[in-house]
Every structure is written in C-alpha cells, then in structure tokens.
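Chain by chain, the residues:
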Amino acid sequence: SGKLTATPQPQEGVMYAAKITPADREVRWDKPADQISRLIRALSPLPGAFTIWHNKRMKVLAAHAIPGTTPGASTPGRVIPSPDGHLYVSCGNGSVIEVDELQLEGKKRMPASEFLRGTGIPAGTALG
C-alpha cells in the first residue's frame, strides 16, 4: 500500500560472516555440552553438524545438554551406557549431551532411539 518507508542500516557495527567450512561443522566433543548443543541447533538441518562413527559421517540434527555432571562422563566423545535406550555422549568439563536425532551417511534421518534399536552404538564407543 506504500505506507512503509525504507530505513538504511547504519554502517557502524557491520561485520562480515565468514563461510562455514567442514571443519566448523565437526562436533568437537571436548567443548562443554551447552556449546555443542548450540552448534548443532545452529547448523541443523543444513549444512548440519557432524561427527565420525565407523569412518562415516554422522549428522547430529538435534541434541540437548543434560544439566549437571554424569558419572562415567570423563572422556569427551565416549558413548555413555544408557539402560533407557537414549544416546548420551560425554563432553568437555564432565558434561553430557543427549542426541535426539541423527543421520548416518547414506541413510535416512531418524530419532536416535530408533537408530540404536536397529544399529546400536555400544557404550564406550568413541565418536569423532
């Protein structure tokens, strides 16, 4: 209707955002779980954050940090035993992340619990 007026952005504070590289997308498990969770959320679904499992890229499409510290979460990138069928991975500072959704290279996107029922990742497995 012609009622909007354009307002130019101020030049002050303008920054250049560098291109996201594959190295930026790889999950670094030595970081705290809340930082990893934010990286995954920022890159999902495309281009997607990833980790390596059995020499294949595994996109981590959804995950959340578990509050507090968890026993057995001493080595970043190790899968923690879970009797309830969840995929927990230890991160830096003894923190833990729960992977909610993933996609193995060449496969379809699926909930982590479904992936574990079909494929399984044994506790103690190193990711990355």
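Going by the structure above, here's the rest.
Peer 1: Talk me through the overall build of the protein; I want residue IDs and the actual numbers.
Peer 2: When its secondary structure is counted, the protein shows 3 helices and 6 strands. Moving toward the C terminus, one meets the helices and strands of the protein in the order α-α-β-β-β-β-β-β-α. A compact globule built from 128 residues would reach a C-alpha radius of gyration of about 14 Å, whereas the protein, at 18 Å, exceeds it by more than 25%. Counting only C-alpha atoms and orienting by the principal axes, one finds that the protein spans roughly 60 × 30 × 25 Å. Counting every position in the protein, which comprises 128 residues, the buried fraction comes to 33%. In the protein, 55% of the contacts between residues at least 6 apart in sequence involve partners at least 24 apart. Approximately 8200 Å² of the protein is accessible, and the part contributed by carbon and sulfur atoms is 55%. Looking at charge distribution, the protein has the averaged site of its 15 positive side-chain charges lying 6 Å from that of its 11 negative ones.

Peer 1: Mind laying out the pairing of strand β4 (residues 87-90), listing which residues take part and the relevant values?
Peer 2: The alternating pattern of β4 places Leu87 and Val89 and Tyr88 and Ser90 on opposite faces, both of which are buried. Linking strand β3 (residues 79-80) back to β4 in an antiparallel pair, the connection comprises 6 residues, with Gly85 at a positive phi of about 80°. One ladder, built from 4 bridges, connects β4 with strand β5 (residues 96-104); its direction is antiparallel. Looking at the pairing, Val89 lines up with Ile97 of β5. Where β4 folds back onto β5 in an antiparallel hairpin, the turn is made up of 5 residues, including Asn93, whose phi is positive at roughly 60°.

Peer 1: How would you sum up the nonpolar core? Please name residues and give values.
Peer 2: Among the nonpolar cores identified, the biggest contains 25 residues, and Trp29, Leu87, Ile97, Phe115 and Ile121 are the most heavily contacted of them. Of all elements in the fold, only α2 (33-43), β1 (49-53), β2 (56-66), β4, β5 and α3 (112-118) reach the threshold of two or more residues within this core. In contact with Leu87, not counting residues within four places along its chain, are Val79, Ile97, Glu98, Val99, Leu102, Ala112, Leu116 and Ile121.

The rules behind the values
- Residues numbered from 1 in each chain as written.
- Predicted model: local features only at pLDDT ≥ 70, side-chain atom pairs only at ≥ 80, totals over all residues.
- Heavy atoms only, no water.
- Helix = DSSP H or I, 4+ residues; strand = E, 2+ residues; numbered from the N terminus.
- Rg over C-alpha atoms; globule rule 2.2 N^0.38 Å.
- Buried < 20%, exposed > 50% of the residue type's maximum accessible area, 1.4 Å probe, protein only.
- Contact = heavy atoms within 4.5 Å.
- Areas by Shrake-Rupley, 256 points an atom, 1.4 Å probe, with all protein chains shown as cover.
- Lys, Arg positive; Asp, Glu negative; His and termini not counted.
- Charge placed at Lys NZ, Arg CZ, Asp CG, Glu CD.
- Pairing = 2+ DSSP bridges.
- Core = buried A, V, L, I, M, F, W, Y, C linked by side-chain atoms within 4.5 Å.

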